[in-house]
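# Geometric and topological summary
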Amino acid sequence: MRPVEGMSILITGGGSGIGAGTAEHFVRLGAKVTISGRRQDKIDAEASRMGPNCRGVAGDVTVDTDRRKMIATAVEHGGGRLDALLSNAGNMYRGPIDQLDEQELLNIFHTNVVAGMMLTGLAKPYLEQTKGCVVFVGSVHTQRAFPGASPYAATKGALETLTRVLAAELGPAGIRVGCIRPGAVFTEINQRAGLGDADAAYQRLLGLGSAHALGRIGTVEEIAEAYEYLVRAEWTTGNVLTVDGGLGLGVTNA
Ligand SMILES: NC(=O)c1ccc[n+]([C@@H]2O[C@H](COP(=O)([O-])OP(=O)(O)OC[C@H]3O[C@@H](n4cnc5c(N)ncnc54)[C@H](OP(=O)(O)O)[C@@H]3O)[C@@H](O)[C@H]2O)c1
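Here is what the cut-offs are and how they apply
- Residues numbered from 1 in each chain as written.
- Predicted model: local features only at pLDDT ≥ 70, side-chain atom pairs only at ≥ 80, totals over all residues.
- Helix = DSSP H or I, 4+ residues; strand = E, 2+ residues; numbered from the N terminus.
- Rg over C-alpha atoms; globule rule 2.2 N^0.38 Å.
- Buried ≥ 20, exposed ≤ 12 C-beta atoms within 10 Å, placed from the backbone.
- Contact = placed C-beta atoms within 7 Å.
- Pairing = 2+ DSSP bridges.
- Axes fitted to C-alpha atoms, helices over the stretch in contact; angles between N-to-C directions.
- Right-handed = clockwise from strand over helix to strand, strands pointing away.
- Expected span 1.5 Å × (residues − 1).
- Core = buried A, V, L, I, M, F, W, Y, C linked by C-beta atoms within 7 Å.
- Near = placed C-beta within 6 Å.
- Nonpolar A, V, L, I, M, F, W, Y, C, P; charged D, E, K, R; others polar.

## Looking at the overall build of the protein
Of the regular secondary structure elements, the protein holds eight helices and seven strands. The globule rule puts the C-alpha radius of gyration for 254 residues at 18 Å, and the 17 Å found for the protein is close to it. Dimensions of the protein along its principal axes, counting C-alpha atoms only, are 55 × 35 × 35 Å. Each of the 254 residues in the protein was classed as buried or not, and the buried ones make up 45%. In the protein, once contacts between residues fewer than 6 apart in sequence are set aside, the share between residues at least 24 apart is 69%.

Put into structure tokens, the structure is as follows:
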């Protein structure tokens, strides 16, 4: 396993939830971490909380100039190198199939899928030098069917497919590509998608606990550990690593 100390890691969507927790995890292990997100205040607050080994860069992953700024900042912060792109920024959009808004659909594919592809292209020359990796974030939504969640689930299915194809495409350059597939973790994503206030979103997720084989929802730290495995594992590529407490098993007591 590759040591994390001294690695340069870019985490999109690092201003909250899983991204912020993962940034904290890698800073603790001695990496130079760069976090990005659209809300400058969030990015600044998280970067200063984590100290000098974490740098923030505000930006939107759907905007080309912002993506270039994210890569440039990470390379600069990392002393000229980039070891890992954690393409973590994501949004949720849900709705019945006959009531979907086309622009919202395009927006969610832009953020969740297209942006990560474009960032991977920009990161490629740097990752080739370090024999680094890209990690996407899928979801248990590809394993469990949540009626009304087709837009979000479709973007996550696309990321799982991309993981395999890009692992094959970038393998000859020594670049590994992986994907984590989390179960339910309490973060801002559900509130941001308009699924109730923080308390309602938390209660809804807690209610999902019993659907997990292990009987509870997960923590941000547990997802960060999965990211760490894929960043460090030198002979692992093209994999989707499930870290979901058994939610995807679809436990059925009959
Ligand atoms: N929580 C779960 O149960 C769960 C389960 C499976 C997968 N996931 C995935 O995990 C990833 C992280 O989500 P989370 O749960 O930690 O939710 P979160 O706290 O809402 O984090 C998502 C982050 O993405 C950023 N973001 C969204 N759109 C962006 C854009 N256009 N440009 C730049 N940044 C953008 C947001 O910051 P700004 O709004 O400031 O830009 C936010 O900090 C997502 O890909 C999500 O789909 C989460």
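## A few points about the sheet that holds strand β7 (residues 239-243)
With parallel pairing, seven strands are arranged side by side in an open sheet as β3-β2-β1-β4-β5-β6-β7. At either end of the open sheet lies a strand with only one pairing partner, and these are β3 (54-58) and β7. When strand polarity is set aside, the average angle formed by the axes of neighbouring strands in this sheet is 20°. Both strand β6 (residues 176-182) and β7 contribute to a ladder of five bridges, which runs parallel. The partner of G178 across the bridge, within β7, is N239. Along the sheet, helix α2 (residues 40-50) makes contact with β2 (32-37) and β3, crossing β3 at roughly 175°.

## A look at the pairing of β3
Where β2 lies against β3, five bridges are found, and the strand directions are parallel. Bridging across to β3, G37 finds its partner in A58. One crossover worth recording links β2 to the parallel β3 by way of α2, and it is right-handed.

## A word on helix α4 (residues 102-130)
Taking 1.5 Å per residue as the helical rise, α4 with its 29 residues ought to reach 42 Å, and the 40 Å between its terminal C-alpha atoms agrees with that figure. Residues of α4 that are buried in the fold lie against β1 (8-12), α3 (64-77), β4 (84-87), β5 (133-137) and α5 (150-170). K131 lies just past α4 and shows a positive phi near 55°.

## A look at unusual backbone geometry
Its identity as a non-glycine residue notwithstanding, K131 has a phi of 55°, on the positive side. Relative to the helices and strands, K131 is located in the loop between α4 and β5.

## Thoughts on the nonpolar core
Core analysis: the biggest nonpolar cluster contains 57 residues, and V134 and V135 have the highest contact counts within it. Leaving out residues up to four positions away in the same chain, V135 has contacts with A84, L86, S87, G178, C179, I180, Y227, L230 and V231. Membership of the second largest hydrophobic core comes to five residues, among which are M92, I108, Y152 and A153.

## Details of the site of the ligand
Neighbouring residues of the ligand: 28 residues in total, closest G13, G17, R38, G90 and T187. Ranked by residue count, the leading element in the shell around the ligand is helix α1 (residues 17-28), at three residues. Looking at the shell around the ligand residue by residue, the classes come out as eight nonpolar, 14 polar and six charged.

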